[in-house]
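Next come the chains, spelled out residue by residue.
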Amino acid sequence: MNIRILAASLLFAPLLSLAQSSEFAADPDRLEARIQALGEFGANPEGGVSRVAFSDADMAGREYIKRLMQDAGLTVRVDAAGNIIGRREGEQEGLPPIMIGSHIDSVPGGGNYDGDVGVIGAIEVAQLLAERGVRLQHPLEVVSFTDEEGGLTGSRAMIGKLTPAGMEVMTHSGMTVREGIRRVGGDPDRIVQAARRPGDIAAFVELHIEQGAFLHDEDIDIGVVEGIVGIRWWDVTINGLANHAGTTPMDKRQDAMVSAAELVLAVNRVAREIPGRHVATVGRIQALPGAPNVIPGEVVLSLEIRDLEAEKMQQVFDRISAEAAGIAAERSTPIEFHEVDVASPPAPTDLQMRRIISAVSEELGLSFKLMPSGAGHDAQDMATIAPTGMIFVPSVDGISHSPREFTSPADMANGATVLLNTVLAIDGGALE
Ligand SMILES: [Zn+2]
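As a starting point, this report considers the structure included with it. (Residues numbered from 1 in each chain as written. Predicted model: local features only at pLDDT ≥ 70, side-chain atom pairs only at ≥ 80, totals over all residues. Heavy atoms only, no water.)

Overview of the packing of helix H9 (residues 256-273) against helix H10 (residues 310-331)
Selection rule: Whenever a helix is involved, its axis is fitted only over the stretch in contact; in every case the axis is a line through C-alpha atoms, and angles between N-to-C directions fall within 0 to 180 degrees. A helix here means a DSSP run of H or I that spans at least four residues, while a strand means a run of E at least two residues long, and both kinds are numbered starting from the N terminus. Should an angle lie under 35 degrees it is considered roughly parallel, over 145 roughly antiparallel, and from 65 to 115 roughly perpendicular; all remaining angles are considered oblique. Crossings are assigned a handedness: left-handed for a near helix turned anticlockwise from the far helix by less than a right angle, right-handed for a clockwise turn. Whether two residues are in contact is decided by their heavy atoms: any pair within 4.5 Å suffices.
H10 packs onto H9 with a crossing angle of 150° between their chain directions and a minimal axis gap of 9 Å. For the element pair H9 / H10, the angle class is roughly antiparallel. Of the two possible hands of crossing, H9 and H10 adopt the one that is right-handed. Two secondary-structure elements touch here, H9 through Val258, Ser259, Glu262, Leu263, Ala266, Val267, Arg269, Val270 and Glu273 and H10 through Val316, Arg319, Ile320, Glu323, Ala324, Ile327 and Arg331.

Shown next, in the form of structure tokens:
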């Protein structure tokens, strides 16, 4: 623990003791009841939800969230991107808001916790502050972002990066993003009005389920997210020589499929050999012409690499590329890598924010660990314009994007209590 965090810890120690008293901790029963109520909108027979953005279920869920925000004493508006924003003013004039929240749209056939815990948890924070009559120095904004699952639509707009082309993308609702934004009360023609600039938001904190099994397996209460991993994709083309599978002897072949098999194994081996938490995956493969009696003349496969550090992703790629060159020479099958333009850079969370969330967890007697997020979140956008932190709570068995997704009421309450105390610490100057 260095001097700065010690100072921060001292700074919010009185607030922590206030929050630690049972009457100022998140209410697991209220959280659970609201998660279940929200789960009614778009409920599917398997016990989860299909509440894709802009659908009727999403519309109904959004109305429920607006009511909860109003009940928590928030003034509710919908911005130009359709983000629902509930605000309570701060004590001190002119300070930028502290923003907390997540999303309530789901994937088709999704569960009741992904995103929902972060929105319901953020409302819980606002409600606890209102019930106890605590005024913050900063304004507080609780946000439910539009269409997270369709490509971080709402947060992308909030950082000024939702393009006209991005608004023409078709969504699972059968509407384009543009049509969807209009349906939920946004204004796609004035999308720039949703944009905030660096300095406009004092801090952004997102509570979310882990969607992996690290916390559950290790029985840890809180994940302090170090950042959202970056993603790079390549189309890899292996050129061989298509020839008759019956008449071409084994030593006279330029078999693109055999080279592809070696490359797939090399990707896995290289990723395991280099120390770190990066991952590398070949998830798609196609052989041409694709007939049982023809030696494949061409194979196209995908390569995906993810990590928190751009340099590490490049290092893994360079090693794979070198292995590929060896395979290509050995088998006379040239291998070309073409990077696909879907890359999202790594989005580290704010260092100071990680320290605050860790210190808050510790003070509350909760176990915690620092960890990356392998999945994308609105926080990765927000990290580009505001000091951003992210709090994970355990997903039972690491299951997500499934009706079997589950996080216990106690774990949700732990997360919301950490969120509340993180907000109090930031409001008390812990970020400065
Ligand atoms: Zn999510």
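Examining the coordination of the zinc ion
Spelled out, the test is: Distances up to 2.8 Å from the metal define which N, O and S atoms are donors, and 3.2 Å serves for Na, K and Ca; water is absent from the atom set, so sites may look incomplete. Think of it in three bands: with a 1.4 Å probe and only protein chains considered, a residue is buried below 20% of the maximum accessible area for its type, exposed above 50%, and partly exposed in between.
His103 (NE2), Asp114 (OD) and His208 (NE2) make up the full set of protein donors to the zinc ion, lying at 2.0 to 2.2 Å. Spacing between the donor residues of the zinc ion along their common chain follows H-x10-D-x93-H. In this pair, aspartate 114 sits in the loop between strand S3 (98-103) and helix H4 (116-131) while histidine 208 sits in strand S5 (residues 203-209), placing the two residues 94 residues apart along the sequence. There is no split in this pair, since aspartate 114 and histidine 208 are both buried.

What to know about the pairing of S5
Spelled out, the test is: A pair of strands counts as paired when DSSP detects no fewer than two bridges linking them.
Most of S5 is tucked away: seven of the seven residues are buried. Residues of S5 alternate between two faces, with Ala203, Val205, Leu207 and Ile209 on one and Phe204, Glu206 and His208 on the opposite face, all of them buried. Pairing analysis gives three bridges linking S3 to S5, with the strands arranged parallel. The residue bridging isoleucine 98 from the neighbouring strand is alanine 203, located in S5.

Observations concerning the packing of aromatic side chains
Basically, it comes down to this: Geometry of aromatic contacts follows a simple scheme: Phe, Tyr and Trp rings, the Trp one being its six-membered ring, pair when their centres are within 6.5 Å, and the pair is stacked under 30 degrees between planes, edge-to-face over 60, tilted otherwise.
With the rule as written, the count across this model stands at five aromatic pairs. Ring geometry for phenylalanine 317 against phenylalanine 337: centres 5.3 Å apart, planes inclined by 90°, an arrangement best described as edge-to-face. A residue pair is termed long-range when its members are at least 10 positions apart, and phenylalanine 317 in helix H10 and phenylalanine 337 in strand S13 (residues 335-344) qualify at 20 residues. The exposure class assigned to phenylalanine 337 is partly exposed, which follows from its relative accessible area of 23%. Connected via pairs of aromatic rings, a cluster forms that spans Trp234, Phe317 and Phe337.

Looking at the nonpolar core
Under the convention used in this document: The criterion is simple. A nonpolar core is a set of buried Ala, Val, Leu, Ile, Met, Phe, Trp, Tyr and Cys residues joined through side-chain atoms within 4.5 Å.
Core analysis: the biggest nonpolar cluster contains 56 residues, and Ile65, Ile100, Leu129, Leu140 and Val142 have the highest contact counts within it. With ten residues, helix H13 (residues 409-427) is the largest single contributor of residues to this core. Once residues within four sequence positions are removed from consideration, isoleucine 65 is found in contact with Leu38, Ile104, Val119, Ile120, Ile123 and Ser144. Core analysis: the second largest hydrophobic core is formed by 24 residues, Leu301, Ile320, Ala324 and Ala328 among them.

Some points on H9
Test applied: Working rule for helices: expected span equals 1.5 Å times residues minus one. This arc is taken over the directions from the axis of the helix to the C-beta atoms. Counting of polar contacts relies on pairs of N or O atoms within 3.5 Å, with two restrictions inside protein: one atom must be capable of donating a hydrogen and the other of accepting it, and residues adjacent in sequence are counted only when both atoms are side-chain atoms.
Its 18 residues give H9 an end-to-end C-alpha distance of 25 Å, which sits within 8% of 26 Å, the value for a rise of 1.5 Å per residue. Here H9 has its buried residues at Ala256, Ser259, Ala260, Leu263, Ala266, Val267, Val270 and Ala271. Down the axis of H9, the sector holding all buried residues measures 120°, keeping them to one side. Exposed side of H9, more than 90 degrees from the buried face: Leu265 and Arg272 are the residues found there. Its side-chain oxygen 2.9 Å from the backbone nitrogen of methionine 257, aspartate 255 forms the N-cap of H9.

Some details on the pairing of strand S4 (residues 140-145)
Going by this rule: Handedness rule for crossovers: strands pointing away from the viewer, path from the first strand over the helix to the second running clockwise, crossover right-handed.
When you tally the buried positions in S4, you get six out of six residues, the bulk of the element. Judged by which residues are buried, S4 turns out to be covered on both faces: Leu140, Val142 and Ser144 on one side and Glu141, Val143 and Phe145 on the other are all buried. For strand S2 (residues 84-88) and S4, the ladder comprises five bridges, and the chain directions are antiparallel. Counterpart to arginine 88 in the pairing with S4 is leucine 140. Looking at chain direction, S3 and S4 are connected through six bridges and run parallel. Residue serine 102 lies in a different strand from S4, and its bridge partner there is serine 144. In the classification by handedness, the crossover that spans S3, the intervening H4 and the parallel S4 is right-handed.

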